[in-house]
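What follows is each chain in one-letter form.
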Amino acid sequence: AQKITQTQPGMFVQEKEAVTLDCTYDTSDQSYGLFWYKQPSSGEMIFLIYQGSYDEQNATEGRYSLNFQKARKSANLVISASQLGDSAMYFCAMREDSGYSTLTFGKGTMLLVSP
Amino acid sequence: EPEVTQTPSHQVTQMGQEVILRCVPISNHLYFYWYRQILGQKVEFLVSFYNNEISEKSEIFDDQFSVERPDGSNFTLKIRSTKLEDSAMYFCASLEREGRDEQFFGPGTRLTVL
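Rules and cut-offs
- Residues numbered from 1 in each chain as written.
- Chains lettered and ligands numbered in written order.
- Predicted model: local features only at pLDDT ≥ 70, side-chain atom pairs only at ≥ 80, totals over all residues.
- Heavy atoms only, no water.
- Helix = DSSP H or I, 4+ residues; strand = E, 2+ residues; numbered from the N terminus.
- Rg over C-alpha atoms; globule rule 2.2 N^0.38 Å.
- Buried < 20%, exposed > 50% of the residue type's maximum accessible area, 1.4 Å probe, protein only.
- Areas by Shrake-Rupley, 256 points an atom, 1.4 Å probe, with all protein chains shown as cover.
- Lys, Arg positive; Asp, Glu negative; His and termini not counted.
- Charge placed at Lys NZ, Arg CZ, Asp CG, Glu CD.
- Pairing = 2+ DSSP bridges.
- Contact = heavy atoms within 4.5 Å.
- Buried area = accessible area lost by both parts, 1.4 Å probe.
- Salt bridge = Lys/Arg side-chain N within 4 Å of Asp/Glu carboxyl O.
- Polar contact = N/O pair within 3.5 Å; in protein donor to acceptor, adjacent residues only side chain to side chain.
- Nonpolar A, V, L, I, M, F, W, Y, C, P; charged D, E, K, R; others polar.

**Focus on the overall build of chain A**
Here is step 1: Secondary structure assignment for chain A yields 0 helices and 12 strands.
Here is step 2: Helices (α) and strands (β) of chain A occur, in sequence order from the N terminus, as β-β-β-β-β-β-β-β-β-β-β-β.
Here is step 3: A compact globule built from 115 residues should have a C-alpha radius of gyration of about 13 Å, and chain A, at 14 Å, falls within 12% of that.
Here is step 4: Dimensions of chain A, computed from C-alpha atoms along their principal axes, come out at roughly 45 × 25 × 20 Å.
Here is step 5: For chain A, with 115 residues in total, the buried portion stands at 49%.
Here is step 6: Accessible area of chain A: about 5,500 Å², with a carbon and sulfur share of 49%.
Here is step 7: Computing the positive centroid from 9 side-chain charges and the negative centroid from 12, chain A places the two 3 Å apart.

Here's what the structure looks like:
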């Protein structure tokens, strides 16, 4: 079974609008962390946001917020006020704390922001 | 701001040749990782390294692969006899300590095996 599922291969959004990228996860660990990374066409991996399994509030970092629904095992990324520079591949990842902090990634969602 | 660096940015090699990919993690970090991303696919974990030894490795990390921290700063991934399917982007990452949030990724080395 996939540990991280991203069901949207591609998403389109207009500049200045908000967009939600979906991520569901599967783990039996009680303690884990969820991450979102952005990968522009240049290829580097840029950390965006982190949510710990015990965090009661949803994480926010500037225009990024993580909609964490623990019972549903979902960790959706919300980007508000999209910008052209947000066009990139977005990966959801999980760290299970029973391991050595290794990350398991989803297949990614390609986001295209149009003017 | 401290960052993870990787060299070279692009490596082209012939099948069967050995390659060494180099990484310089952030200086006070203790945990080091290699990940691989085949073109158009997801990022996959290869190996983690802590306290001068491998702490965890994936099924991908077979006998053709090895890692080393030869001095206090470099962290290397060696592929002994490259295959066509080793063509991928290889990312190094480092983590300050257990329980910290963010693994810092390097810019990657694109390996092309001909």
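More follows now that the structure is in view.
**What to know about the pairing of strand 8 (residues 64-69) of chain A**
Residues and elements named next belong to chain A.
Here is step 1: Burial of the side chains of strand 8 is restricted to one face: Tyr 64, Leu 66 and Phe 68 are buried, whereas none of Ser 65, Asn 67 and Gln 69 on the reverse face is.
Here is step 2: Bridge count between strand 7 (residues 60-61) and strand 8: 2 bridges; the pairing is antiparallel. Opposite Glu 61, over in strand 8, you have Tyr 64 as the bridge partner.
Here is step 3: In this structure, the hairpin formed by strand 7 and strand 8 is closed by a connection of 2 residues, where Gly 62 is found at a positive phi of approximately 60°.

**What to know about the interface of chain B and chain A**
Here is step 1: The partner chain A presents 19 residues to the 20 residues of chain B that form the contact.
Here is step 2: When the two sides are added together, the surface that chain B and chain A hide from each other amounts to roughly 1,700 Å², 56% of it contributed by carbon and sulfur.
Here is step 3: The tally of links from chain B across to chain A stands at 0 salt bridges.
Here is step 4: Between chain B and chain A we count 3 residue pairs in polar contact (both at pLDDT 80 or more) in total.
Here is step 5: The residue inventory of the side of chain B that touches chain A, partitioned by class, reads 9 nonpolar, 5 polar and 6 charged.

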